[in-house]
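# Understanding the architecture of this molecule
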Amino acid sequence: ITKDEVFAYIYGLLHSPVYRETYAADLKKMLPRIPLVRDFKDYAEAGRALVELHLGYESVEPYPLDGLAVEAVGDPFSFFAVGSKKMAFGKASAEQRAAGERRDRTVIDYNDRITLRGIPDDAYRYILGSRSAIEWIIDRYYVKTDKASGIVNDPNDWSREVGDPRYILDLLARVVTLSVETNRIVDGLPPLDIIEEA
């Protein structure tokens with residue numbers, strides 16, 4: 001067993017929902033306890049796939065969302081820019097409101113020119129901290145001014161720096177792909193069969 005396999009095994013193990021539930025108290029208070037499971041190789045393979053996916057998130061194929069193929073009108077950097085208003089989920093349909101939902105999470109109003117549709121519910125299962133990766137993007141990618149300093153944080157500057165006006169739009173679609181693929185890999189993990197310590 002190589003060091004890389006150990007790292008991949010731990011990364012795969014830390015994504016196991018059963019592991020997270022079993023060791024929830026330990027994960028909140030101390031360093032994670034890393035047990036040895038019978039299917040070491042399967043966890044290492046899953047961990048390796050997750051590492052490649054998570055490190056290469058900027059190069060994964062964007063999820064084929066409706067509205068993603070929009071063509072810029074005028075200056076592409078302005079057309080694809082996010083504004084000072086956060087991206088938002090679509091308005092809930094009558095059925096969704098009856099089910100107690102306030103927003104339609106299959107739809108994201110990216111800016112006043114672009115609306116993305118077809119985001120699978122499964123993508124919201126991939127949680128980073130207390131929210132999904134998609135919600136993290138929505139919460140962070142908008143133009144905001146710090147009240148105390150007056151410093152403007154404009155994520156569109158990065159789009160200009162890398163010369164890609166669609167960077168943030170495609171990043172959002174890539175995060176949908178990353179979330180769905182992460183869930184697929186995690187769902188394929190074998191049962192958590194811990195080898196008893198001697």
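Residues numbered from 1 in each chain as written. Predicted model: local features only at pLDDT ≥ 70, side-chain atom pairs only at ≥ 80, totals over all residues. Heavy atoms only, no water.

## Remarks on the side chain of His54
Mapped onto the elements, His54 comes out in helix α4 (residues 40–55). Note on His54: relative accessible area 13%, which makes it buried. In terms of polar contacts, His54 uses its side chain to reach the side chain of Tyr11, at 2.7 Å. One polar contact links His54 to Thr182, side chain to side chain, over a distance of 2.9 Å. The contacts of His54, once residues within four sequence positions are left out, are Tyr11, His15, Tyr126, Leu178 and Thr182. (Helix = DSSP H or I, 4+ residues; strand = E, 2+ residues; numbered from the N terminus. Buried < 20%, exposed > 50% of the residue type's maximum accessible area, 1.4 Å probe, protein only. Polar contact = N/O pair within 3.5 Å; in protein donor to acceptor, adjacent residues only side chain to side chain. Contact = heavy atoms within 4.5 Å.)

## Here we look at the nonpolar core
Ranked by size, the top nonpolar core spans 46 residues in total, and within it Met87, Ile108, Tyr110, Ile119, Ile134 and Leu172 carry the most contacts. For this core, the secondary-structure elements that each account for two or more residues are α1 (3–14), α4, α7 (133–140) and α9 (167–187). Top element by residues in this core is α9. It accounts for 12 residues. In contact with Ile119, other than residues within four places in its own chain, are Leu65, Arg105, Thr106, Val107, Ile108, Tyr124, Ile134 and Val176. (Core = buried A, V, L, I, M, F, W, Y, C linked by side-chain atoms within 4.5 Å.)

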